[in-house]
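# Understanding the architecture of this molecule
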Amino acid sequence: MSGIYIHIPFCKQACHYCDFHFSTSMKKKDQLISALAKELELRKDEFKNTTVETIYFGGGTPSVLSTAELQYLIDAVYLNYKVIDDSEITLEANPDDLNEDVIMALAKSPINRLSIGIQSFFEKDLILMNRAHNAEEAKLCLQLATQYFDNISLDLIYGIPNSTNAEWLENIQTALSFGVPHISSYALTVEPKTALASFIAKGVIDNVDDDLAHEQFHILIEALAQAGFDHYELSNFGKKGFYSKNNSAYWLGKPYLGIGPSAHSFNGNERAWNVKNNTIYITKINQEQLPLEVEVLSLNDKYNEFVMTGLRTIWGVSLTAVEKQFGKPFLEYLLQQANQYVNKQMLYIEDNNLKTTKTGKFLSDGIASDLFMLN
Ligand code: SF4
């Protein structure tokens, strides 16, 4: 089983914090959509021995595409790949693209899951982040979307400068009031060369505060646990039966094909990434060349990835799998390195799986790096 990720590199406007690959000019949209369909065809042999379990439209903002354009790409997937009957097909969407007509048309298409970029229900946060929607649109779109889709996820951002814990709790409660079964939530991070980084450097916006982010992360965990959500991955919370199949596949190390500019692929042994430039991407694909770079993963790389993704999940790092896939020396090294964190009650072992405790969870990426095998 495997997944297909399709990157739609267009956005109406640039959010101040974002360092993903996108263009705010739609001039090349038609050419790019044709190139995506062509890449799907060119790479079909990579998945000739496997079935597709999930299709994920990410970006960028995939909801800038019309339902007909999305259907065209879904048809290209079905034409070239074996897709299982109950596949999960997710569309990332922004509230300003989702009026009732659009939602109704999407509900009639094969898309069966929406991941909506809400980020905050407070106008001041949306302005600070330069989101394209306002708070009213965020609420209206959720009210409509929940009438037509059962499987909805929404994104929320915490640790926004000058936000209070009370406002953050109100954001979570507002999200819950719509009855969505899945929430993804990320700390606001300051990526180099973004508008946010420059505003902070000039003192226009206060810097993000790690302590505030930490407090808000714990408020989130408590509130969502009380509301019956499982914290199944560091940034992801779902009701039973609504965990993202697409994301779970990444964390469980299943192969995925990344289609479109800047998209990443993984086949178990190699990681590949497409060029981050729409024009070069279109030109190369039209010449039937794949615009990608490939990195062959060493055993250490695979072990490091296995430990990092495992520690972020509810399932932890399977010690049995570490021994089986990487050998006894890796298992011994892992246990030896993990010991300091077990003593500090940040890690624990349950049913032969190494997991983070409540205290260790927020720091799981940092802990994982201490468990890495260096080349
Ligand atoms: S809509 Fe998403 S991809 Fe586009 S700029 Fe904002 S955060 Fe980045």
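Structural data are supplied above this passage.
Only a predicted model underlies this, so the values are computations on that prediction, with no experimental measurement involved.

Moving on, we get to the site of the ligand. Lining the immediate surroundings of the ligand are C11, Q13, C15, Y17, C18, F22, G60, T61, N94 and R131. Residues of the shell around the ligand, tallied by class, amount to five nonpolar, four polar and one charged.

With antiparallel pairing, three strands are arranged side by side in an open sheet as β13-β15-β14. Looking along the sheet, the strands with just one partner apiece sit at the ends: β13 (317-318) and β14 (347-350). Where β13 lies against strand β15 (residues 353-356), two bridges are found, and the strand directions are antiparallel. Bridge pairing links V317 to L354 in β15.

Glancing now at the pairing of strand β2 (residues 51-59). Taken across its nine residues, β2 has eight buried, putting it largely inside the fold. The pairing of strand β1 (residues 2-8) with β2 spans seven bridges and is parallel. Looking at β2, one finds that I4 is bridged to I55. With helix α1 (residues 29-42) bridging β1 and its parallel neighbour β2, the resulting β-α-β unit is right-handed. Relative to strand β3 (residues 82-93), β2 runs parallel, the two sharing six bridges. Considered in β3, the bridge of Y56 is made with T90. Handedness of the β2-helix α2 (residues 67-80)-β3 crossover: right-handed.

Moving on to the pattern of salt bridges. On inspection of all chains with the given rule, the structure shows 15 salt bridges. Here K124 makes a salt bridge to D125, at a shortest N to O gap of 3.6 Å. Owing to a relative accessible area of 38%, K124 belongs among the partly exposed residues under this scheme. Taking the relative accessible area as the measure of exposure, D125 reaches 3% and is therefore buried. Put simply, K240 and D230 hold a salt bridge, and the shortest N to O gap is 2.5 Å. In this pair, K240 is assigned in the loop between β8 (236-238) and α9 (245-251) and D230 in strand β7 (residues 230-233), connecting sequence segments 10 residues apart. When its relative accessible area of 63% is taken as the criterion, K240 is described as exposed. Taken together, the shared-partner salt bridges connect K12, D96 and D97 into one network.

Here helix α8 (residues 210-226) spans 25 Å end to end across 17 residues, near enough to the 24 Å set by a 1.5 Å rise per residue. Buried within α8 are the following residues: L212, A213, Q216, F217, L220, I221, A223 and L224. The secondary structure elements touched by the buried residues of α8 are β5 (152-158), α6 (165-177), β6 (182-187), β7, β8 and α14 (358-361). Taking the backbone nitrogen of D211 as reference, a side-chain oxygen 2.8 Å away marks D209 as the first, capping residue of α8. Just downstream of α8, G228 is the residue with a positive phi angle, here 90°.

Turning next to unusual backbone geometry. Of the consecutive residues G59 and G60, the connecting peptide bond is found in the cis state with omega at 25°. Mapped onto the secondary structure, G60 falls in the loop between β2 and α2. You will see that Q119, though not glycine, has its phi angle at about 70°, which is positive. Looking at the element boundaries, Q119 is found in strand β4 (residues 113-119). Relative accessible area serves as the criterion here: at 6%, Q119 is assigned to the buried category. The phi dihedral of Q345 is positive, around 60°, even though this residue is not glycine. Looking at where Q345 falls in the secondary structure, it is placed in the loop between α13 (328-343) and β14. A relative accessible area of 59% places Q345 in the exposed class.

Parameters at a glance
- Residues numbered from 1 in each chain as written.
- Predicted model: local features only at pLDDT ≥ 70, side-chain atom pairs only at ≥ 80, totals over all residues.
- Heavy atoms only, no water.
- Near = heavy atom within 4 Å.
- Nonpolar A, V, L, I, M, F, W, Y, C, P; charged D, E, K, R; others polar.
- Pairing = 2+ DSSP bridges.
- Helix = DSSP H or I, 4+ residues; strand = E, 2+ residues; numbered from the N terminus.
- Buried < 20%, exposed > 50% of the residue type's maximum accessible area, 1.4 Å probe, protein only.
- Right-handed = clockwise from strand over helix to strand, strands pointing away.
- Salt bridge = Lys/Arg side-chain N within 4 Å of Asp/Glu carboxyl O.
- Expected span 1.5 Å × (residues − 1).
- Contact = heavy atoms within 4.5 Å.
- Polar contact = N/O pair within 3.5 Å; in protein donor to acceptor, adjacent residues only side chain to side chain.

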